[in-house]
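What follows is each chain in one-letter form.
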Amino acid sequence: METIRGRISLDLDLTGLYARLANYSRIALDLGTGDGKFALCHAQSFPGHFAIGVDSCRENLHEHSRANLPNLLYVIASAQSLPRELSGLVSHITINFPWGSLLGSLLTGDPQLINGLGSVLRPDATLDVRLNGGALAELGWSLEDGVERIRENLEAAGWRVDYRAVMDSRALRNFPSTWAKRLAFGRDPRAIQLSGCLE
Ligand SMILES: C[S@@+](CC[C@H](N)C(=O)[O-])C[C@H]1O[C@@H](n2cnc3c(N)ncnc32)[C@H](O)[C@@H]1O
């Protein structure tokens, strides 16, 4: 699979990946990681976890992917076509403030996204999805209706969503991702978090 460090792309095969993961029992994947700040903060805050940031766009990753941490990796891949090397490894997944085709796939319950997630996750995996009003409005959804549709699609895919929380501008300001900060100071500082686990 294609990984990135600074401006350099590196191919990492299964042997190389397993060597990197050898000392970690918990693997957190941040899907649609953007500039990768959330994954970087996770790796710094939880040295016993391995954090993987995945995004289809490489340009935003140049800065944070330079961080020299043993428990951090950035992968260039589409959410609808996750690398086979990740199969069965991931214990926790975050999707923070998705837009574009990632958000579209959550709204439609796209089997390519849902089945791909199913294949990379462990049977006891947990999930946090944070959805913001502006991104949903761009696809013609209100925040409440869009969140409800995504909750239904997650539950249909075998997730039990047992936590729902509103994020206001203060919560967004304090959240460790670049997009959360932009939303906090933007025109529509509202988001909703859904959390759950595989049933
Ligand atoms: C609004 S940004 C949020 C970035 C980050 N999660 C944060 O909180 O700062 C949405 C990200 O989703 C990524 N994205 C959209 N569709 C995607 C897809 N199909 N596969 C992978 N990444 C995708 C975009 O490239 C972008 O970086």
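Here, every reference points to the structure presented above.
Reading guide: rules and limits
Chains are numbered independently. Their residues run from 1 in the order of the written sequence. With the structure being a predicted model, the display of local features is reserved for residues of pLDDT at least 70 and the display and counting of side-chain atom pairs for 80 or more, all residues being used for whole-chain, interface and lining totals. The side-chain figures draw on all heavy atoms in the structure; neither hydrogens nor water molecules are used. A helix here means a DSSP run of H or I that spans at least four residues, while a strand means a run of E at least two residues long, and both kinds are numbered starting from the N terminus. Per-residue accessibility, obtained with a 1.4 Å probe over protein chains only, is compared with the maximum for each type, and a residue is labelled buried under 20%, exposed over 50%, and partly exposed between these values. The criterion used for residue contact is that any of the two residues' heavy atoms lie within 4.5 Å. To pair, rings of Phe, Tyr and Trp, with the six-membered ring standing in for Trp, must have centres within 6.5 Å; the planes then decide the type, stacked if under 30 degrees apart, edge-to-face if over 60, and tilted in the middle. Take the buried residues of types Ala, Val, Leu, Ile, Met, Phe, Trp, Tyr and Cys, join any two whose side-chain atoms come within 4.5 Å, and each joined set is a nonpolar core. Helix span, expected: 1.5 Å multiplied by one less than the number of residues in the helix. The directions from the helix axis to the C-beta atoms are what the arc is built from. Here an angle of 0 to 180 degrees is reported between the N-to-C directions of two axes, which are lines fitted to C-alpha atoms, with helices fitted over the stretch in contact. Any angle between 65 and 115 degrees counts as roughly perpendicular, while under 35 counts as roughly parallel, over 145 as roughly antiparallel, and the rest as oblique. The classification used treats Ala, Val, Leu, Ile, Met, Phe, Trp, Tyr, Cys and Pro as nonpolar, Asp, Glu, Lys and Arg as charged, and all other residues, Gly among them, as polar. In plain terms, two cysteine sulfur atoms within 2.5 Å form what is called a disulfide here. One heavy atom suffices: a residue is near a molecule or strand as soon as one of its heavy atoms comes within 4 Å of it. Think of a polar contact as two N or O atoms within 3.5 Å of one another; within protein, one of them needs to be a possible hydrogen donor and the other a possible acceptor, and neighboring residues in sequence only count if both atoms come from side chains. For accessible areas, the Shrake-Rupley method is used with a probe of radius 1.4 Å. Any residue's cover is judged against the shown protein chains and nothing else.

*Asks:* What exactly am I supposed to notice about the environment of L198 here?
*Replies:* With respect to the helices, strands and loops of the structure, L198 is situated in strand β9 (residues 191-198). Judged by its relative accessible area of 22%, L198 is partly exposed. With 43 residues separating them along the chain, L198 and E155 place their C-alpha atoms 9.0 Å apart. In this structure, L198 is in contact with L121, R122, P123, A125, G158 and W159, ignoring residues within four places of it in sequence.

*Asks:* What is the right way to look at the packing of aromatic side chains in this model?
*Replies:* When we look at a pair of aromatic rings, we describe it by the centre distance and by the angle of the planes. Tallied over the entire structure, the rule returns 4 aromatic pairs. For the ring pair F38 and F175, a centre distance of 5.3 Å and an interplane angle of 15° mean the geometry is stacked. Placement of F38 in helix α2 (residues 37-45) and of F175 in the loop between α7 (169-174) and α8 (178-184) is noted, with a sequence separation of 137 residues between them. Judged by relative accessible area, F38 falls into the buried class, the value being 14%. Residue F175 is classed as buried on the basis of its relative accessible area, which comes to 9%. Ring centres 4.8 Å apart and planes at 75° place the aromatic pair W99 and W179 in the edge-to-face group. With W99 in the loop between β6 (90-96) and α3 (100-108) and W179 in helix α8, this pair connects stretches of sequence that are 80 residues apart. For W179, a relative accessible area of 28% gives the class partly exposed. Counting every residue linked through ring pairs, the aromatic cluster contains F38, F97 and F175.

*Asks:* Please explain the nonpolar core as it appears in this structure.
*Replies:* Soluble globular proteins tend to pack their nonpolar side chains together in the buried interior. Counting residues in each nonpolar core, the largest one holds 43 residues, and the members touching the most others are L31 and I93. Those residues in contact with I93, other than ones at most four positions away along the chain, are L29, L31, L117, L121, T126, L127, D128 and W159.

*Asks:* I would appreciate a short explanation of helix α6 (residues 143-156) in the present structure.
*Replies:* Side chains of residues three or four places apart in an α-helix project in the same direction, reflecting 3.6 residues per turn. The end-to-end C-alpha separation of α6 is 20 Å, in line with the 20 Å expected for 14 residues at 1.5 Å each. For α6, every residue scored as buried is listed here: L143, G146, V147, I150, N153 and L154. Down the axis of α6, the buried side of the element spans an arc of 125°, and every buried residue falls inside it. On its buried face, α6 is in contact with α3, β7 (121-132), α5 (133-138), β8 (159-167) and β9. G158 lies just past α6 and shows a positive phi near 100°.

*Asks:* Teacher, can you tell me more about the packing of α3 against α6 here?
*Replies:* Relative orientation and spacing of two packed helices are given, respectively, by the angle between their axes and the distance between those axes. Between α3 and α6, whose axes approach to 7 Å, the crossing angle comes to 65°. Taken together, the axis directions place α3 and α6 in an arrangement best described as roughly perpendicular. Judged by residue contacts, L103, L106, L107 and T108 of α3 engage G146, R149, I150 and N153 from α6. Classifying every residue of the contact of α3 with α6 by side-chain character gives 4 nonpolar, 3 polar and 1 charged.

*Asks:* Could you clarify how one ought to interpret the state of the cysteines in this entry?
*Replies:* Disulfides are covalent bonds that connect the sulfur atoms of two cysteines. Scanning all chains against the criterion turns up 0 disulfides. Not engaged in a disulfide, the cysteine C41 finds its nearest cysteine sulfur in C57; these two sulfurs lie 19 Å apart.

*Asks:* Is there a simple way to explain the site of the ligand in this structure?
*Replies:* Surrounding the ligand, one finds 18 residues, the nearest of these being G32, D55, Q80, S101 and S177. Within the side chain of S56, one N or O atom sits 3.3 Å away from a nitrogen atom of the ligand. Between the ligand and the protein, one listed contact pairs a nitrogen atom with a side-chain N or O atom of S101 at 2.7 Å. A total of 590 Å² of accessible area belongs to the ligand in isolation, and the protein chains cover 93% of it.

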